[in-house]
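Summary of structural features
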Amino acid sequence: MIARLTESFDFHSQALTLRGQRQRLIAGNIANADTPGFQARDFDFALALRTATGGAGPGLAIASGVMTPGGRSAPVLRYAVPSQTNLDSNTVDMDRERAAFADNAVKYESTLRFINGSVRTMLDAMKSHQG
Amino acid sequence: MSLLNIFDIAGSGVSAQSQRLNVVASNLANADTVAGPDGSAYKARQVVFQTALAAGGDARGASAGVRVSTISEDTSPGRRVHDPRHPGADTDGYVTYSNVNPVEEMVNMISASRSYQNNVEVMNTARSLLLKTLQIGQA
């Protein structure tokens, strides 16, 4: 029973880590909005989460993730396709980055709520015998 | 902790943009400067941004801040006005002003202040997310 609850913790902690990484990546894009030649980057969250939680086949995991010294697989970064060309070949689209940043922040918070919900469920399960 | 790095990244953006604002302010202040005794007037300056990979971050450069690599001077000749009675006039009666283009500088200022605001908002969002992360398991 406990194992099943901690499994869900594992999943959400992986999701939270990836959300944090994506938030950092988008922050880097926004900081470099005026850097000449900077190429905006992002990663496919669904694929990264599948790879990190072992939901994908081993072949896919090798093809899509690079193992970091920490043992966690780091998501593959992709370059953004610019919607409008820029004279200094900077591909940061500020509207898209702002939208992605807000979207990612909300999803980070929702993952936090899932974790809090699991914690509360587990605490309730522990308390029920005492009452 | 990856969210703490956001403060470094957005902080580098804020400081680079504020340096750009400083340069714009210096250019605007010197927009009407005339040539000194050496014959060269103030030259407009521009900051050049460069991507700075976060120190100690992952090797693949997932997190990238920004820094000012150089401040370049605009080498175009200054504005020359014929005004023989001006104390700064040369032997032909021309006064050389600085080569600052106020329109360009104003546009640069607006762009810099927008980018500054964006980076500050990134920091505020990261701060509130971190505070909520600290409260995991409470309540």
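It should be emphasised that the depicted structure is a prediction, and the values quoted were computed from it without experimental measurement.

Attention shifts here to the overall build of chain A. Assigned secondary structure in chain A consists of four helices and four strands. From first element to last, N terminus to C terminus, chain A shows the α and β order α-β-α-α-β-β-β-α. Relative to its full complement of 131 residues, chain A shows a buried share of 27%. Considering only contacts in chain A between residues 6 or more positions apart, those separated by 24 or more positions represent 70%.

With that out of the way, let us pick up the overall build of chain B. Scanning chain B from N- to C-terminus turns up two helices and four strands. In chain B, which comprises 139 residues, the share counted as buried stands at 29%. Residue pairs at least 24 apart in sequence account for 64% of intrachain contacts in chain B once pairs closer than 6 positions are excluded.

A few words now on the interface of chain B and chain A. On the chain A side, the residues contacting the 30 residues of chain B number 26 residues. At the level of secondary structure, the elements contributing two or more residues to the side of chain B that touches chain A comprise helix 1 (2–29), strand 1 (45–53), strand 2 (64–73) and helix 2 (102–134) of chain B. For the side of chain B that touches chain A, the leading source of residues is helix 2 of chain B, giving nine residues. Taken together, the residues of the side of chain B that touches chain A break down into 13 nonpolar, 14 polar and three charged.

What follows concerns the confidence of the model for chain A. Residue and element names in this part refer to chain A. For chain A, per-residue confidence averages 82 on the pLDDT scale, and 82% of positions sit at 70 or higher. At the level of individual helices and strands, chain A shows its lowest average pLDDT in helix 3 (residues 58–64), which scores 39, and its highest in helix 4 (residues 94–127), which scores 91. Scored below 50 in pLDDT, residues 56–71 makes 18 contacts in the model with residues more than four places away or belonging to other chains.

All names here are of chain B. Interhelical geometry of helix 1 versus helix 2 gives an angle of 160° and a closest axis separation of 8 Å. Relative to helix 2, helix 1 is oriented roughly antiparallel. For helix 1 against helix 2, the interelement crossing comes out left-handed.

With that out of the way, let us pick up helix 2 of chain B. With 33 residues, helix 2 of chain B should cover 48 Å at 1.5 Å per step; its first-to-last C-alpha distance of 48 Å lies within 8% of that length. Among all positions of helix 2 of chain B, only B:Asn108, B:Ala112, B:Ser115, B:Asn118, B:Asn119, B:Val122, B:Thr125, B:Ala126 and B:Leu129 are buried.

Below, the discussion takes up the environment of B:Val95. Residue and element names in this part refer to chain B. As for its placement among the helices and strands, Val95 is situated in strand 4 (residues 94–96). Judged by the 20 C-beta atoms lying within 10 Å of it, Val95 falls in the buried class. For the pair Val95 and Ala41, spaced 54 residues apart in the sequence, the C-alpha separation amounts to 9.7 Å. When near neighbours in sequence (up to four residues on either side) are disregarded, Val95 contacts Val34, Val81, Asp83, His86, Gly88 and Ala89.

The next point concerns the packing of helix 4 of chain A against helix 2 of chain B. Running from N to C, helix 4 of chain A and helix 2 of chain B point in directions that differ by 5°, and their axes come no closer than 10 Å. Taken together, the axes of helix 4 of chain A and helix 2 of chain B lie roughly parallel to each other. Contacts between helix 4 of chain A and helix 2 of chain B involve A:Phe101, A:Ala105, A:Tyr108, A:Glu109 and A:Leu112 from the former and B:Val122, B:Thr125, B:Leu129, B:Lys132 and B:Thr133 from the latter. When its residues are assigned to classes, the contact of helix 4 of chain A with helix 2 of chain B shows six nonpolar, two polar and two charged.

Analysis parameters
- Residues numbered from 1 in each chain as written.
- Chains lettered and ligands numbered in written order.
- Predicted model: local features only at pLDDT ≥ 70, side-chain atom pairs only at ≥ 80, totals over all residues.
- Helix = DSSP H or I, 4+ residues; strand = E, 2+ residues; numbered from the N terminus.
- Buried ≥ 20, exposed ≤ 12 C-beta atoms within 10 Å, placed from the backbone.
- Contact = placed C-beta atoms within 7 Å.
- Nonpolar A, V, L, I, M, F, W, Y, C, P; charged D, E, K, R; others polar.
- pLDDT = per-residue confidence, 0-100.
- Axes fitted to C-alpha atoms, helices over the stretch in contact; angles between N-to-C directions.
- Parallel < 35°, antiparallel > 145°, perpendicular 65-115°, else oblique.
- Left-handed = near helix turned anticlockwise from the far one by under 90°.
- Expected span 1.5 Å × (residues − 1).

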